[in-house]
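# Analysis of the macromolecular model
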Amino acid sequence: MRLIETSRPFAVRGFALCVLLLLAMTAWAQAPKVQWSAKVVPADARAGESAQVVLTAKIQKEWHIYALRQQGGPVATAFEVKGEAAKANGEAIQPDPQIKFDENFGVDVGLHEGEVSFAVPIQIANGGPGEQKLTVLATSQACNANTCDFPAQVEVPLAFTVQ
């Protein structure tokens, strides 16, 4: 009986260690592979005028996201402008993506690595001058040579001043 009583603290510690290890692995696996930022260009946009929201993705080394338009395979990167300060005014544009055969999906894909900026044309609302806020919903799927994260939707907040 004594053997069982003394082994119980070791079993509890072992269980606790396993739980901590699983939590650490889950946190690492869910760490975002892409960090988004946004700004309005030109910085001196006026009410009623056209401008662009420039969204920049900083992608972890050895990972990539996909181009705006894909034929089959992964989830294409996409943007949705939300808010009353401006509305989308055309399709997003991107630099030329790298075209590669993607082993994860078995098709040729357009992809971006490192840091990449996209532009979404917008029409600034006709309201008065002053501080304005928008949110852009950025959708992307990050993959590396072996695996892909689930597609992610990130709300990118944006404050800007209307002249």
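Thresholds, definitions, all that
Residues numbered from 1 in each chain as written. Predicted model: local features only at pLDDT ≥ 70, side-chain atom pairs only at ≥ 80, totals over all residues. Heavy atoms only, no water. Pairing = 2+ DSSP bridges. Helix = DSSP H or I, 4+ residues; strand = E, 2+ residues; numbered from the N terminus. Axes fitted to C-alpha atoms, helices over the stretch in contact; angles between N-to-C directions. Disulfide = S-S within 2.5 Å. Buried < 20%, exposed > 50% of the residue type's maximum accessible area, 1.4 Å probe, protein only. Contact = heavy atoms within 4.5 Å. Polar contact = N/O pair within 3.5 Å; in protein donor to acceptor, adjacent residues only side chain to side chain. pLDDT = per-residue confidence, 0-100. Salt bridge = Lys/Arg side-chain N within 4 Å of Asp/Glu carboxyl O.

Moving on to the sheet that holds strand S1 (residues 34–41). What the 4 strands build is an open sheet, ordered S1-S2-S8-S5; its pairing is antiparallel. If you trace the sheet from one side to the other, it starts and ends with S1 and strand S5 (86–88), each paired once. Each neighbouring strand pair of the sheet contributes to a mean axis angle of 35°, computed without reference to strand direction. As defined by bridge partners, strand S2 (residues 50–59) adjoins strand S8 (residues 115–124) across 9 bridges and the pair is classed as antiparallel. Bridge pairing in S8 links Ser-50 to Gln-123.

As a further point, take the state of the cysteines. Here the structure, examined in full by the defined rule, presents 1 disulfide. Between the sulfur atoms of Cys-143 and its disulfide partner Cys-148 the distance amounts to 2.0 Å. Taking the sign of the S-S torsion, 110° for the link of Cys-143 and Cys-148, the bridge is right-handed.

Turning to the environment of Lys-87, a few remarks are in order. Structurally, Lys-87 is set in strand S5. Residue Lys-87 is classed as partly exposed on the basis of its relative accessible area of 45%. Linking Lys-87 and Val-120, residues 33 residues apart in sequence, is a C-alpha distance of 9.9 Å. Discounting chain neighbours no more than four positions away, the residues touching Lys-87 are Pro-121, Ile-122 and Gln-123. Of note is the side chain of Lys-87, whose polar atom sits 3.0 Å from the backbone oxygen of Gly-83.

Two strands in a sheet stick together by hydrogen bonds in their backbones, pointing the same way (parallel) or opposite ways (antiparallel). Pairing is antiparallel across the open sheet formed by 3 strands, whose spatial order is S4-S9-S10. In this open sheet, the two edge strands, each paired with only one partner strand, are strand S4 (78–82) and strand S10 (152–162). When strand polarity is set aside, the average angle formed by the axes of neighbouring strands in this sheet is 25°. Bridge count for S4 against strand S9 (residues 130–140) is 5 bridges, and the pairing is antiparallel. Directly across from Ala-78, in S9, lies its bridge partner Thr-139.

With that settled, consider the confidence of the model for the chain. Chain-level statistics for the chain give a pLDDT mean of 86 and a share of 82% at 70 or above. Confidence drops under a pLDDT of 50 for residues 10–28, and excluding neighbours within four residues, the segment shows 1 contact in the predicted structure.

All right, on to the side chain of Thr-56 then. Inspection of the secondary structure puts Thr-56 in strand S2. Polar contacts involving the side chain of Thr-56 include one to the side chain of Ser-117, which spans 2.8 Å. Among all residues touching Thr-56, those that are not within four sequence positions of it are Gln-35, Trp-36, Ser-37, Glu-115, Val-116 and Ser-117.

This brings us to the pattern of salt bridges. Two side chains carrying opposite charge are able to pair once their charged atoms lie near each other. A complete count under the given rule lists 4 salt bridges for this structure. Here Arg-69 and Glu-91 are joined by a salt bridge, their closest N and O atoms 3.6 Å apart. In this pair, Arg-69 sits in the loop between strand S3 (64–66) and S4 while Glu-91 sits in the loop between S5 and strand S6 (98–102), placing the two residues 22 residues apart along the sequence. Side by side, Arg-69 and Glu-91 carry an identical accessibility label, which is exposed. The salt bridge partner of Lys-82 is Glu-155, with a shortest N-O separation of 3.6 Å. Here Glu-155 lies in strand S10 and Lys-82 lies in strand S4, a separation of 73 residues in the sequence. We classify Lys-82 as partly exposed; its relative accessible area is 31%. On the accessibility criterion, Glu-155 (51% relative accessible area) is exposed.

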